[in-house]
Amino acid sequence: MFWVLLLLLAWAVAGTACTRLCLAAVRTAAVDADTGRGHDLTLYEAAFLSGGPARVADLTLVSMARQRRLLLAHTGWATVVDPRGRDEMERSVIGAIGPEGQSRIAPVRSAAADADAVRSLGEGLVRAGLAVPDAAARTTVASGVRQVRAAAVAVFGLGVAALALPAPTEMPRDLVAVWFALPLTLTLSCLGIARFEVHPYSRWASPAGQRLLGGLDRRANRAADDHSLLTSVAVRGIRAIGEPELRAAFAHRDQLPRE
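Attention here is on the structure that accompanies the text. (Residues numbered from 1 in each chain as written. Predicted model: local features only at pLDDT ≥ 70, side-chain atom pairs only at ≥ 80, totals over all residues. Heavy atoms only, no water.)

A closer look at the overall build of the protein chain
How we decide: Strands here are runs of E lasting at least two residues and helices are runs of H or I lasting at least four, both read from the DSSP assignment and numbered beginning at the N terminus. Using a 1.4 Å probe on the protein chains alone, a residue whose accessible area is under 20% of its type maximum counts as buried, one over 50% counts as exposed, and one in between counts as partly exposed. We call two residues contacting when some pair of their heavy atoms lies within 4.5 Å. Each accessible area is a Shrake-Rupley result for a 1.4 Å probe, and residues are judged covered by the shown protein chains and nothing else.
A count of helices and strands for the protein chain gives 10 helices and 3 strands. Counting from the amino terminus, the protein chain carries its helices and strands in the arrangement α-α-β-β-α-β-α-α-α-α-α-α-α. Per-residue burial for the protein chain yields a buried fraction of 42% across its 259 residues. Partitioning the intrachain contacts of the protein chain with sequence separation of at least 6 by distance along the chain shows that 70% fall at a separation of at least 24. With the model as given, the accessible surface of the protein chain reaches about 14500 Å², and the carbon-plus-sulfur share is 60%.

Here is the structure:
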């Protein structure tokens, strides 16, 4: 009856892992439900949560271009018209263009994305629980999912070991397999529920951040003013730009300048 001990061990492994995952999901949902309430995202924050530092740089360039304070040529060059930046992001862009007042868009975008202002913006969103920190791959829920996966493998291995026991047993082997299939089904079902019910983390926004982004995107779709256009750029990227010439300017952003 050594297989019974293996079965009890399989149930203990499966039950512990599934319980931890369920508790982690409940705690995460409770935290996310309270996070972000009353927080109105700025365009820069929305851009960071949607596409990270590069999206913030793109939004700043588009915003300055639409205000005629920066000229973005369809050839992929940026020219400063008004050298007075209205905030830290704009000053980062102007500083990246350089004292000559003209530069290719690609290095400007890269330098602006790495600026201290963008880093500070991201750190503030992480502290507010709206952005995913760099080490968020080891979130509690993700760790719980990994434990359940490991438990499923362990249960399967214990079942195989029980079936491979040479000692005689009064229990038919097919019935032993059925008993081990129960904890295996528990772990697989838990993984399936987590796959469809647990809110996934995006690359930049936490579930609370994604919730705020969804509301912002819906409001932008109902309006057609300049602020709504910039909101669309922040959420969807430069593909939301309506002007062909402005889109053409960004089409050159990843090309290296010719020597």
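Still more ground to cover, so stick around.
Some details on unusual backbone geometry
Notably, arginine 68 is not glycine yet its phi reads approximately 60 degrees, a positive angle. Residue position: arginine 68 is located in the loop between α2 (43–66) and β1 (70–72). On the basis of relative accessible area, arginine 68 is assigned to the exposed category, the value being 68%.

Some points on α2
To keep it simple, the criterion reads: Given the number of residues in a helix, its expected span is that number minus one, multiplied by 1.5 Å. Bend is the name given here to the angle between axes fitted to two runs of seven residues, the run ending at a residue and the run starting at it.
When the terminal C-alpha atoms of α2 are compared, their 15 Å separation across 24 residues is substantially less than the 34 Å that a helix rising 1.5 Å per residue should span. Remark: the principal bend of α2, roughly 135 degrees, maps to glycine 51, with a proline, proline 53, within the next four residues. Buried residues dominate α2, accounting for 20 of its 24 residues. Just downstream of α2, arginine 68 is the residue with a positive phi angle, here 60 degrees.

Brief notes about the packing of α2 against helix α4 (residues 105–113)
Selection criterion: Here, axes are lines fitted to C-alpha atoms. For helices the fit covers the stretch in contact, and angles between N-to-C directions go from 0 to 180 degrees. Oblique is the label for any angle not under 35 degrees, not over 145, and not in the 65 to 115 range, which are roughly parallel, roughly antiparallel and roughly perpendicular in turn. Helix crossings are classified by the rotation of the near helix relative to the far one: an anticlockwise turn of less than a right angle makes the crossing left-handed, while a clockwise turn makes it right-handed. In this classification, Asp, Glu, Lys and Arg are treated as charged, Ala, Val, Leu, Ile, Met, Phe, Trp, Tyr, Cys and Pro as nonpolar, and every other residue, Gly included, as polar.
Axis separation between α2 and α4 bottoms out at 8 Å; the angle between their running directions is 120 degrees. Judged by the angle between their axes, α2 and α4 are oblique. The crossing of α2 and α4 is right-handed. Residues Pro53, Ala54, Ala57, Asp58 and Leu61 of α2 form the contact with α4, whose own contacting residues are Ile105, Val108, Arg109, Ala112 and Ala113. Considering only residue class, the contact of α2 with α4 consists of 8 nonpolar, no polar and 2 charged.

Focus on the packing of helix α3 (residues 88–97) against helix α5 (residues 116–127)
As a packed pair, α3 and α5 sit with axes 8 Å apart at the nearest point and diverge in direction by 150 degrees. The segment α3 lies against α5, with Glu88, Met89 and Ser92 engaging Ala117, Val118 and Leu121. Split into classes, the residues belonging to the contact of α3 with α5 amount to 4 nonpolar, 1 polar and 1 charged.

Remarks on the side chain of arginine 55
Short version of the rule: Here the positive residues are Lys and Arg and the negative ones are Asp and Glu; neither His nor the chain ends is included. Put simply, a salt bridge is a Lys or Arg side-chain nitrogen that is within 4 Å of an Asp or Glu carboxyl oxygen.
Within the secondary structure layout, arginine 55 lies in helix α2. No salt bridge forms around the buried arginine 55; measuring N to O, its nearest opposite-charge neighbour aspartate 58 is 5.1 Å away. Setting aside its immediate chain neighbours within four residues, arginine 55 contacts Ala47, Ser50, Val233, Ala234, Val235, Arg236 and Gly237.

Regarding helix α10 (residues 244–251)
Here is the rule we go by: Here the arc refers to the directions that run from the helix axis out to each C-beta atom.
Among the residues making up α10, those that are buried are Leu246, Ala249 and Phe250. Here the buried residues of α10 occupy an arc of 95 degrees about the axis, which is enough to place them on one side. Away from the buried face of α10 by more than 90 degrees, exposed residues Pro244, Glu245 and Ala251 are located. Residues of α10 that are buried in the fold lie against α2, β1 and α4.

Here's the deal with the pairing of strand β2 (residues 77–80)
Under the convention used in this document: Two strands pair under a simple rule: DSSP has to find at least two bridges between them.
Of the two faces of β2, the one lined by Ala78 and Val80 is fully buried and the one lined by Trp77 and Thr79 carries no buried residue. In this sheet, β2 lies alongside β1 in antiparallel orientation, the contact comprising 3 bridges. Note that in β2 the partner of leucine 72 across the bridge is alanine 78. If you look at the hairpin formed by β1 and β2, you'll find 4 residues sitting between the two strands, and glycine 76 has a positive phi there, around 95 degrees. Where β2 meets strand β3 (residues 102–104), 3 bridges bridge the pair, whose relative direction is antiparallel. The residue of β3 that forms the bridge with alanine 78 is serine 103.

By themselves, these observations are geometric and do not establish any function.
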